[in-house]
Amino acid sequence: MTLIRPLTIGSFTAPNNLLLAPMAGITDSPFRVLCLKGGAGIVCAEMVSAHALHFGSPKSGKMLQVNPKEHPVSMQIFGSDETTIAEAAKNAEAQGADIVDLNAGCPVKKINKAGAGCVLMKDEAKLGRLIEAAVKSVRIPVTLKTRIALTRKELLGARLAKLAENAGAAAVTLHARAAVDVHAGPPNIEALAEACQAVKIPVIGNGGVLDAAAARRFLQAGCAGVMIGRGAVGNPFIFKDIADELEGKPLSAHTPAWRMAVYRDLIRENVSFYGERIGVNRSRKTAGYWIKDFENAAQVRGAFVRMDALADIETLFARTLERLETQKNP
């Protein structure tokens, strides 16, 4: 059985079934382009507030912009109102999104207080109406991202997958942990398997996929695809790595020097996209994932996070890469 294969979601078919998960503050346009180079079949954007889009937020509007280099891309929206969700879906389609995804799994309090995210799991009728509103407003596929449960006491994955299917969603992504667990603990593969059996639309598994062994468990449980989040931060080529390992191909070596060079290029793209101040600030957020596994990594990382100018960062990285190459080839 071939585990890595094209993934069809409604009228759209992606080249493979390994997806980049939406992550707030991380999966912006420069990172999405990088993950497509790294073998992702679909990249998902960080979630955008339907409410903020409705009131013309420039920041939210920029988050919906699609780079011609970043297809296939899914734009994730969140909200609690059918009218603004429909507007946001239309906006995403107009900007060039291939898929619109509705978030009903985020456990962040600020999102939940606004009646969005995982609190929608408590009101299935409302969630169904939101999905229907998005589906009716666009021609591109609409998907749902949610969780298998709010708490560990009651599993909801199969029921929510069925709700999504009945409301017209073309696929559902299930984070295989309860909302109360956020990102902690092992994923519940059995709950995913139950959801896969309950519906005809693709079920995409998400949660704790850091290597090929984890991806294999999800796919063998019946998932049509696997969504990878934090495993891609610091290694945007994880998609190719997983595909190669599952297909029995030799793996590429990702040395600290390789990682630093990829990170440097990402910082450059961030500065080009956002401007120097914001681009550097956004790059700092993930420094711990990139600058690691070599002598004096902590000192290099500490120096980097205190820098504001790209020229200084370029100098630091050039010196570090030169040292790493010297250590590799004494």
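Please refer to the structure higher up on the page.
Residues numbered from 1 in each chain as written. Predicted model: local features only at pLDDT ≥ 70, side-chain atom pairs only at ≥ 80, totals over all residues. Heavy atoms only, no water.

Explain the overall build of the chain to me, please; I cannot follow it from the model alone.
When helices and strands are tallied, the chain shows 15 helices and 11 strands. Relative to its length of 330 residues, the chain is compact, with a C-alpha radius of gyration of 20 Å against a globular reference of 20 Å. Oriented by its inertia axes, the alpha-carbon framework of the chain measures out at about 65 × 50 × 35 Å. Scored against the burial criterion, the 330 residues of the chain give a buried share of 57%. Looking at the chain alone, contacts between residues at least 24 apart form 67% of all its contacts between residues at least 6 apart. For the chain, the exposed area adds up to about 14,600 Å²; of that, 52% sits on carbon and sulfur atoms. Each charge sign in the chain was given a centre, from 41 positive and 32 negative side chains, and these centres are 3 Å apart. (Helix = DSSP H or I, 4+ residues; strand = E, 2+ residues; numbered from the N terminus. Rg over C-alpha atoms; globule rule 2.2 N^0.38 Å. Buried < 20%, exposed > 50% of the residue type's maximum accessible area, 1.4 Å probe, protein only. Contact = heavy atoms within 4.5 Å. Areas by Shrake-Rupley, 256 points an atom, 1.4 Å probe, with all protein chains shown as cover. Lys, Arg positive; Asp, Glu negative; His and termini not counted. Charge placed at Lys NZ, Arg CZ, Asp CG, Glu CD.)

Before we go on, may I ask you to explain the packing of helix α6 (residues 124–137) against helix α7 (residues 157–166) in this structure?
Packed helix pairs are specified by the crossing angle of their axes together with the interaxial distance, meaning the distance between the axes. At a closest axis distance of 9 Å, the pairing of α6 and α7 adopts a crossing angle of 35°. Seen from above, α6 lies across α7 with right-handed handedness. Residues Glu124, Leu127, Gly128 and Ile131 of α6 lie in contact with α7, whose contacting residues are Arg159, Leu160, Leu163 and Ala164. Looking at the contact of α6 with α7 residue by residue, the class counts come to 5 nonpolar, 1 polar and 2 charged. (Axes fitted to C-alpha atoms, helices over the stretch in contact; angles between N-to-C directions. Left-handed = near helix turned anticlockwise from the far one by under 90°. Nonpolar A, V, L, I, M, F, W, Y, C, P; charged D, E, K, R; others polar.)

Hey, could you run me through α6 in this one?
The α-helix winds at 3.6 residues per turn, so residues separated by three or four positions along the chain end up facing the same way. For α6, spanning 14 residues, the distance from its first C-alpha to its last is 20 Å, which sits close to the expected 20 Å at 1.5 Å a residue. Those residues of α6 that sit buried are Leu127, Gly128, Leu130, Ile131, Ala133, Ala134 and Ser137. At its buried positions, α6 is contacted by α4 (82–95), β7 (99–103), β8 (142–149) and α7. (Expected span 1.5 Å × (residues − 1).)

Looking at this structure, I do not really get empty space enclosed by the protein. What am I missing?
Where empty space is left can be seen by rolling a probe of water-molecule size over the atoms. For the coordinates displayed, the defined rule picks out 2 cavities of 30 Å³ or more. When its volume is computed, the largest cavity comes out at roughly 120 Å³. Forming the walls of the largest cavity are Gly25, Ile26, Asp28, Phe31, Val233, Tyr263, Leu266, Asn270, Arg282, Ser283, Thr286 and Trp290. Tallying contributions element by element places helix α11 (residues 256–274) first for the lining of the largest cavity, with 3 residues. By residue class, the composition of the lining of the largest cavity is 6 nonpolar, 4 polar and 2 charged. Size it by volume and the second largest cavity reaches roughly 80 Å³. Lining the second largest cavity are Ile9, Leu19, Ile42, Cys44, Ser74, Ile99, Asp101, Thr143, Lys145, Thr173, Ile204 and Met227. Every element with two or more residues in the lining of the second largest cavity is listed here: β4 (42–44), β7 and β8. Its residues assigned to classes, the lining of the second largest cavity comprises 7 nonpolar, 3 polar and 2 charged. (1 Å grid on protein atoms, 1.4 Å probe; cavity = no way out; pocket = protein on both sides within 12 Å on 5 of 7 lines; lining within 4 Å. Points joined across faces, edges and corners; volume = space filled by probe spheres on them.)

Honestly, the side chain of arginine 32 in this entry has me stumped. Any pointers?
Within the secondary structure layout, arginine 32 lies in helix α1 (residues 29–37). Here arginine 32 falls in the buried class, since its relative accessible area comes to 2%.

Would you mind going over the state of the cysteines with me for this structure?
What we call a disulfide is simply a covalent bond connecting the sulfur atoms of a pair of cysteines. Inspection of every chain in the model, using the stated rule, returns 0 disulfides. For the unlinked cysteine cysteine 35, the closest cysteine sulfur is that of cysteine 44, found at 11 Å. Owing to a relative accessible area of 0%, cysteine 35 belongs among the buried residues under this scheme. As a non-bridged cysteine, cysteine 118 has cysteine 106 as the owner of its nearest cysteine sulfur, 7.1 Å distant. (Disulfide = S-S within 2.5 Å.)

Would you take a moment to explain unusual backbone geometry for this structure?
Excluding glycine, residues mostly carry a negative phi; peptide bonds, for their part, are mostly trans. For the bond from histidine 71 to proline 72, the omega torsion is 0°, close enough to zero to count as cis. Among the structural elements, proline 72 can be located in the loop between α3 (58–63) and β6 (73–78). For asparagine 296, which is not glycine, the phi torsion reads 70° and is therefore positive. Within the secondary structure layout, asparagine 296 lies in the loop between α13 (287–290) and α14 (297–305).

Please explain the packing of aromatic side chains as it appears in this structure.
When we look at a pair of aromatic rings, we describe it by the centre distance and by the angle of the planes. This model, assessed by the stated rule, comprises 6 aromatic pairs. For the pair phenylalanine 237 and tryptophan 258, a centre-to-centre distance of 5.5 Å together with 75° between the ring planes defines the contact as edge-to-face. In this pair, phenylalanine 237 sits in the loop between β11 (225–228) and α10 (238–246) while tryptophan 258 sits in helix α11, placing the two residues 21 residues apart along the sequence. Where tyrosine 263 meets tryptophan 290, the ring centres are 5.0 Å apart and the plane angle is 5°; that geometry is what we call stacked. Residue tyrosine 263 is found in helix α11, and its partner tryptophan 290 is found in helix α13; the two are separated by 27 residues along the sequence. A connected cluster of aromatic rings, assembled from ring pairs, spans Tyr263, Trp290, Phe304 and Phe317. Here the basic side chain of lysine 62 rests over the ring of phenylalanine 273, its NZ or CZ set 4.2 Å away from the ring centre. (Phe/Tyr/Trp six-rings, centres within 6.5 Å; stacked < 30°, edge-to-face > 60°. Lys NZ or Arg CZ within 6 Å of the ring centre and 35° of its normal.)

Bear in mind that shape data such as this cannot, by itself, settle questions of function.
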